[in-house]
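Listed here are the chains, written in short residue letters.
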Amino acid sequence: MIAEALALAAEEPAGLLPARQQMAFSLGWHIILACFGVAFPSMIFVVHLLGLRGNEVALVLAKRWAKVSAVLFAIGAVSGTVLSFEMGLLWPGLMEKFGDVLGLPFAFEGLSFFTEAIFLGLYLYGWGRMSPRLHLLCLVPMAAAGIFGTFCVISVNAWMNMPTGFRIDAAGEVVDVEPWQAMFNQGALLQFLHMWLAAFMVAGFVVSAVYAAGALRGRRDRHHRLGFTVPFVFASVAAVLQPVVGHVLGIRLGETQPAKLAAFELAETTEQPAPLRLGGLMIDGEPRYFVEIPNWGSFIARGSFDLPVRGLDTFPASDVPPVNITHLAFQTMIGIGSLLMLAVIGYWLLRWRGRDLLETRWFCWFAVAAGPLAVVALEAGWVATEVGRQPWVVYDVMRTVDAAGDNPGLWWVFGTMLVVYTLLTIGAVLVLRSMARRWREGGEDLPSPYGPAAISEEAR
Amino acid sequence: MSLEVAVAAALFVGVLAYALFGGADFGSGFFDLTAGGARRGAELRTLIDHSIGPVWEVNHVWLIYCLVVWWTAFPESFAAVMTTLIVPLLLALLGIVLRGASFAFRKYSATLSQARTFGVVFATSSIITPFFLGTVAGAIASGRVPAGGYGDRWSSWLNPTSVFGGIIAVGTCAFLAGVFLCADAVRGGKPALASALRVRTIGVGLATGLVVFIALIPIEIDAPTLADGLERQAAPLIVCSFLAGLATLWLLWKERFALARLPALIAVATVISGWGVGQYPWLLVDEVRLADAGGAEATLQALLVAVAIAGVVVVPPLALLFRLTQTERWSR
């Protein structure tokens, strides 16, 4: 067994494991910022619009959120660039063979990235320099670019799950490439919706968590109420729709990626109908430590209470993904998603009946927790779908092993990257917190910190 | 024109735009670093902040554009370059990450000491990034990237052509930045700052021009294919670059800063085009010809569609952004 594992490891290219770790880490980091890039402009649009209609509090929020977005979008832009480089530096085997199949959506993503950056520049620097209406409208192309850009990137991921738009000939060459078919593969639309809603959940719950934390510290003014409510509305709509989209997306797995489904469901053997297993681990080929709900596994996985779920033992051992990580990540996502959905439904029902839970401390605590919870759900979802697709990078076509490169020293690169990203995180937190502190102290415009004003202050 | 050449031209437009506009942003790092202490440099740093703030992210997207068009249109050569030049590419990437992040952080720093720290990171990373990207260009142009990839990880970019490529990249970026900053300073009502910048920009311009023409000698020995192209089909471009460079210096001398921007852009654009035209018809010099490097034909066609759409969707707002930021109202 050990000898076998060693033999297997020896066949792996030097770049495989560090590439995996680095890709997972950099993608996991960037995706949080990407959520803000996609969802934040819409939220800023709402408060800015309210502000232009005479709501002073809303206008202040718009100005502040714009400054926050300047920081978040900048580090989002650079961490996105890291991913572009990594496609080639870490996965040369994939790009060499399939670059012309999967590349087109990336080209269109570049287009939306351009749009986003242009209008971001106009918006951030347009305060007081453009007509207010035109200035506000700069947010619209940003939001639209967020939608289109998400579709493009997710379409590549969907293609990796359900590859199409090419043929492999007898010599193993990729032929008959149809880039449009690859871009508009049948998984793209639903997967895009899933991610788009996730972006609104993450950005919405995180921003409202900031104001809920303020409320906990006794800051219960109009500013904090509005700052909580606007993102919370966005997050609520997304949280209610998300389980529906997720479910529709999931029931196709039985046909498209049965091994991933089996790992999600912790199904060692084929069962009809299959139970839903809550929690649990696969230990020596036996599912253990779970709570079983009969028939619901079939419903969740296949959309019917009596369809079978194929078991892992029907796949060759070399085609089975790491079961426990996939299963736990999947259930974490589902668990948090369900919790958030129920919570927002409860909140709005009670608010409709005239009771505002935001006045209670326990709900404020929950709202604070909802931010990180949404992020955990997002990460868990990505882990579930990516680890669940293993050992394939392009499902059933190319193994991840064959995508990795052979350059030594990638562990050093990964180590450096951990350090740099840690510093970036610290820098961002530091800057955002000092921004908030300055705002609380009544300063609105942040002076140029190396300008004469700041220097004379330092000298005093 | 074959499909491959058309797509390569579109790709090269991206390279040019990145070199000119992204380059000018990177180049401001040189002036930021040499601006002096916190008090003396405050005015110039504020100007730099104001000057590149609204546009650096857009200018940065050209790099993404180049990468995606490259890997989509010429996937095998992309993988070959990525596996061979992994070291300078990673170092450039590090610079890109640090530059963008620390620029944003500096702008919103709470204290002077924070701003100083982020400022040093911003300025140094702005200088190293073009250097490493220049070495990558030198490696491709001197035929050191084998078609199958995994060329020598060190000598591929530590060689005369690459090192000169790196220095020229740093110099041209700083030169462009200097010219633009001079014009911005005048428009922002800071003539004293402009005349201080003017001297340094002329210095950078002379030094860079000198390096470009000195570099022709080692390139002759180290990169014969490129040298051959530079002496033949690209020769008019090099002459043009020389003349435009002279014109820029003269206009700077005469303090006609706004006008100097045009020949400065031409001077740099023709140097970069000189490289591109000089190594034609090779994509990876001596290894892969452009005509043989293309991916699937349907993809190349689709890419041209994407580029055409980008031209319609992106160029007008981009022009608007550039025009607005160059107006007096946006310069205060």
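- Chain B goes by Cytochrome d ubiquinol oxidase subunit II in an unreviewed UniProt entry, where it is assigned to Nocardioides turkmenicus.
- You can read under Subcellular location (unreviewed entry) in the UniProt record for chain B the words "Cell membrane".
- Its UniProt record gives chain B the following Sequence similarities (unreviewed entry) comment, quoted word for word: "Belongs to the cytochrome ubiquinol oxidase subunit 2 family."

- Identification of chain A as Cytochrome ubiquinol oxidase subunit I from Nocardioides turkmenicus is taken from an unreviewed UniProt entry.
- Per UniProt, chain A has the following entry under Sequence similarities (unreviewed entry): "Belongs to the cytochrome ubiquinol oxidase subunit 1 family."
- UniProt annotates chain A under Subcellular location (unreviewed entry) with the comment "Cell membrane".

## Considerations on unusual backbone geometry
So, point 1. In the segment running from A:Gln390 into A:Pro391, the intervening peptide bond is cis, with an omega of 5°.
So, point 2. Tracing the sequence through the fold places A:Pro391 in the loop between α14 (361-389) and β5 (392-394).
So, point 3. With an omega dihedral of 5°, the bond running from B:Tyr280 to B:Pro281 counts as a cis peptide bond.
So, point 4. Considering the arrangement of structural elements, one finds B:Pro281 in the loop between α11 (257-279) and β1 (282-284).
So, point 5. The phi torsion at A:Leu266 lies on the positive side, around 55°, for a residue other than glycine.
So, point 6. Of note, A:Leu266 is situated in the loop between α11 (258-265) and β3 (276-283).
So, point 7. The backbone of B:Tyr150 shows a phi angle near 55°, a positive value even though the residue is not glycine.
So, point 8. Here B:Tyr150 is to be found in the loop between α6 (112-141) and α7 (160-187).
So, point 9. A relative accessible area of 38% means that B:Tyr150 is categorised as partly exposed.

## Overview of the interface of chain B and chain A
So, point 1. Of the residues lining the interface, 72 residues belong to chain B; the matching set on chain A comes to 69 residues.
So, point 2. Roughly 6,500 Å² is buried in total at the junction of chain B and chain A, and carbon and sulfur atoms are behind 77% of that figure.
So, point 3. There are zero salt bridges connecting chain B and chain A.
So, point 4. Elements with a minimum of two residues in the side of chain B that touches chain A: α2 (38-52), α3 (56-73), α4 (75-84), α5 (86-107), α6, α13 (297-313), α14 (315-325) and α15 (328-331) of chain B.
So, point 5. Broken down by element, the residue count for the side of chain B that touches chain A peaks at 14 residues, all from α5(B).

## Some thoughts on the pairing of strand β4 (residues 286-293) of chain A
Within a regular beta strand, the side chains point alternately toward one face of the sheet and then the other, so they alternate between its two faces.
So, point 1. Note that β3(A) and β4(A) share seven bridges and pair antiparallel. Counted as the bridge partner of A:Met282 is A:Pro287 from β4(A).

## Details of the side chain of B:Ser162
So, point 1. As for its position among the elements, B:Ser162 is in helix α7.
So, point 2. On the basis of relative accessible area, B:Ser162 is assigned to the buried category, the value being 0%.

## Concerning the UniProt feature "transmembrane region" (unreviewed entry) in chain B
All names here are of chain B.
So, point 1. Per the UniProt entry, the sites bearing "transmembrane region" (unreviewed entry) are residues 6-31, 78-98, 118-141, 161-181, 202-221, 233-252, 264-282 and 302-322 in this numbering.
So, point 2. Counting secondary structure, residues 78-98 comes out at 95% helix and 0% strand; the distance between its end C-alpha atoms is 24 Å.
So, point 3. Within the segment residues 233-252, helix and strand shares are 90% and 0% respectively, and the terminal C-alpha atoms sit 30 Å apart.

## Describing the packing of aromatic side chains
So, point 1. A complete count under the given rule lists 50 aromatic pairs over all chains for this structure.
So, point 2. Consider the rings of A:Phe264 and A:Phe330, whose centres lie 3.9 Å apart with planes at 5°: the pair is stacked. Of the two residues, A:Phe264 is situated in helix α11 and A:Phe330 in helix α13 (residues 323-352); the sequence distance between them amounts to 66 residues. Each of the two residues, A:Phe264 as well as A:Phe330, counts as buried.
So, point 3. Chaining the aromatic ring pairs together yields one cluster made of A:Phe205, A:Phe228, A:Phe232, A:Tyr347, A:Trp348, A:Trp362, A:Phe363 and A:Phe366.
So, point 4. In this structure, B:Arg99 is placed above the aromatic ring of B:Phe26, and the distance from its NZ or CZ to the ring centre is 4.2 Å.

## Here's the deal with the pattern of salt bridges
So, point 1. Under the criterion given, the structure shown has 14 salt bridges over all chains.
So, point 2. Notably, a salt bridge pairs A:Arg399 with A:Asp319, separated by 2.7 Å at the nearest N-O pair. Pair noted here: A:Arg399 is in strand β6 (residues 398-399) and A:Asp319 is in the loop between α12 (296-302) and α13, with a separation of 80 residues, a long-range link.
So, point 3. Of the charged contacts, one joins B:Arg144 and B:Asp222 as a salt bridge, the two residues approaching to 2.7 Å between their closest N and O atoms. Of this pair, B:Arg144 sits in the loop between α6 and α7 while B:Asp222 sits in helix α8 (residues 191-222), and the two are 78 residues apart along the sequence.
So, point 4. With relative accessibility at 24%, the residue B:Arg144 sits in the partly exposed group.
So, point 5. One network of salt bridges, in which partners are shared, links A:Arg225, A:Asp356 and A:Glu359.

## Some words on α4(B)
So, point 1. The element α4(B) is largely enclosed, with a buried count of nine among its 10 residues.
So, point 2. Restricting attention to buried positions, one finds in α4(B) the residues B:Pro75, B:Ser77, B:Phe78, B:Ala79, B:Ala80, B:Val81, B:Met82, B:Thr83 and B:Thr84.
So, point 3. Structurally, α4(B) contributes buried residues whose contacts are with α3 (56-90) and α4 (92-125) of chain A together with α3, α5, α6 and β1 of chain B.

## Structural notes on helix α9 (residues 222-250) of chain A
So, point 1. Between its first and last C-alpha atoms α9(A) spans 41 Å; for 29 residues at 1.5 Å apiece the expected length is 42 Å, and the two agree.
So, point 2. Where α9(A) bends most, the angle comes to about 30°, and this point is A:Leu241, followed within four residues by the proline A:Pro243.

Basis of the calculations
- Residues numbered from 1 in each chain as written.
- Chains lettered and ligands numbered in written order.
- Predicted model: local features only at pLDDT ≥ 70, side-chain atom pairs only at ≥ 80, totals over all residues.
- Heavy atoms only, no water.
- UniProt positions renumbered as here; feature names shortened; annotations may be inferred.
- Helix = DSSP H or I, 4+ residues; strand = E, 2+ residues; numbered from the N terminus.
- Buried < 20%, exposed > 50% of the residue type's maximum accessible area, 1.4 Å probe, protein only.
- Contact = heavy atoms within 4.5 Å.
- Buried area = accessible area lost by both parts, 1.4 Å probe.
- Salt bridge = Lys/Arg side-chain N within 4 Å of Asp/Glu carboxyl O.
- Pairing = 2+ DSSP bridges.
- Phe/Tyr/Trp six-rings, centres within 6.5 Å; stacked < 30°, edge-to-face > 60°.
- Lys NZ or Arg CZ within 6 Å of the ring centre and 35° of its normal.
- Expected span 1.5 Å × (residues − 1).
- Bend = angle between axes of the 7 residues up to and from the residue.

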